[in-house]
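Each chain is listed here by its residues.
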Amino acid sequence: MDLAPPSSSTQADGLIVLGLESSCDESAAAILRRQADGRIEVLADLVLGQTEAHAPFGGVVPEIAARAHAEAMDGLAAAALNEAGLSLADLDGIAATSGPGLIGGVMAALMTAKGLALGSGKPLIAVNHLEGHALSPRLSEPLDFPYLLLLVSGGHTQLLIAEAVGRYRRLGSTLDDAAGEAFDKTAKVLGLGFPGGPALERCAQEGDATRFDLPVPLKGKPGCDFSFAGLKTAARQIWDGLETPTEQDRADLAASVQAAIARALASRTKRAMDRFAEDYPDIAQPRPLVVAGGVAANRTVRAALEEAAGHAGFSLIAPPMKWCTDNAAMIALAGLEKLVRGQTDELDAPARARWPLDAVSAKLDPAIGSGRKGPKA
Ligand code: KG4
Ligand code: ZN
């Protein structure tokens, strides 16, 4: 992969890219312009969620998601152009998530982007959704490479070092469920509805996080991998073992699970911070720890990460919530960075259900690196 920086800043100034996203349950379109000083101007940023369509099923139903994306994408792209006051002719490139994700959904944005690229003669840029998340903090503030990234969403739980655009080193990822899945599935067991993470956080507010003993995943195991399946099962067993659970039981278990997930995330991230500090001894404190993905919205998780970061000489950087969860601005940004480097794609670029971000895992085992069982795996 060509990792060359842009050949000249003037060449990159003013570039405008449309980004499209449809890899899970958010259809999104955004348009960005790169300003002369390298800052990013967001000209349009639209997200259409599908919560109501999936709520009766208690989780994302791939077929429903794919159909909803297919129906939404054209209109969203047109609405984004309209909001930005631009036409297709004003764009310098059209970027779309081309994986990893639910394949029917991924195809909606990718096919729309291909159609627009073909019709307008503008270059297509196929973007790895995870690279979008990895670059998302750079939407709102300048952030130099390298930085440590904890990507923690419904489909992914990974620790990565972002070394440069197009160059990511994975330090660890989940061996089973993603952290968001652990939130969602526990919320389902507790009868808290969909999407589960925010509901569980609300319920936990009234709870005692010390009441239930939950296992510590991968306790004492070296490395930076995660595991959440055991926690989820333990929570279900505790719940099933309560004869007539009360509201207080529900809140106490929600709080205990939330605290256990936060502890697990913080303790594995602590190991990754040590690795980062060893690998980059010259980077001044506080070193950057970025957290992205929907679970970054959780206040207990943030507090645990903030505390761990403070102890390790890092500072926690979290993109604004709208760019933590799935969005198209991060896809447009990754597209822009690739376009600047001349990395455009042919119109036969494939949609990919799996697509590890780091080249080494991609080569060794294409099946790892993207979380295993999540909707996006
Ligand atoms: O990044 P995202 O919007 O989509 C994926 O790429 O998966 O993340 C969604 C995940 C879901 O599992 C959701 O329950 C979780 O993030 N989530 C939360 C909270 N808000 C969203 N989990 C815990 N606490 C929250 N406040
Ligand atoms: Zn995502």
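Calculation rules
Residues numbered from 1 in each chain as written. Chains lettered and ligands numbered in written order. Predicted model: local features only at pLDDT ≥ 70, side-chain atom pairs only at ≥ 80, totals over all residues. Heavy atoms only, no water. Helix = DSSP H or I, 4+ residues; strand = E, 2+ residues; numbered from the N terminus. Buried < 20%, exposed > 50% of the residue type's maximum accessible area, 1.4 Å probe, protein only. Polar contact = N/O pair within 3.5 Å; in protein donor to acceptor, adjacent residues only side chain to side chain. Donors = N, O, S within 2.8 Å, 3.2 Å for Na, K, Ca; no water. Tetrahedral: all angles 85-135°; square planar, octahedral: opposite > 155°, others 65-115°. Pairing = 2+ DSSP bridges. Axes fitted to C-alpha atoms, helices over the stretch in contact; angles between N-to-C directions.

Caption draft 1: Region of the structure containing the side chain of aspartate 326. By secondary structure assignment, the location of aspartate 326 is in the loop between α11 (321-324) and α12 (329-340). For aspartate 326, a relative accessible area of 10% puts it in the buried group. Polar contacts involving the side chain of aspartate 326 include one to the side chain of histidine 129, which spans 3.1 Å. A polar contact of 3.0 Å, which involves the side chain of aspartate 326, links it to the side chain of histidine 133.

Caption draft 2: Local environment of the coordination of the zinc ion (ligand 2). The protein atoms donating to the zinc ion (ligand 2) are His129 (NE2), His133 (NE2) and Asp326 (OD), with metal-donor distances spanning 2.1 to 2.2 Å. The coordination sphere of the zinc ion (ligand 2) comprises four donor atoms, whose angles at the metal cover 88 to 135 degrees; the geometry is tetrahedral. The sequence motif formed by the donor residues of the zinc ion (ligand 2) is H-x3-H-x192-D. One end of the pair, histidine 129, is in helix α5 (residues 129-135); the other, aspartate 326, is in the loop between α11 and α12, with 197 residues separating them in the sequence. In this pair, the class of histidine 129 matches that of aspartate 326, namely buried.

Caption draft 3: Structural view of the sheet that holds strand β4 (residues 93-99). Across the sheet, which stays open at both edges, the five strands sit in the order β3-β2-β1-β4-β5 with mixed pairing between neighbours. Both edges of this open sheet fall to β3 (40-49) and β5 (124-128), since each of them pairs with a single strand only. On average, each strand axis in the sheet is tilted by 20 degrees relative to the strand beside it, whichever way the strands run. Sheet analysis places strand β2 (residues 26-34) next to β3, joined by nine bridges and oriented antiparallel.

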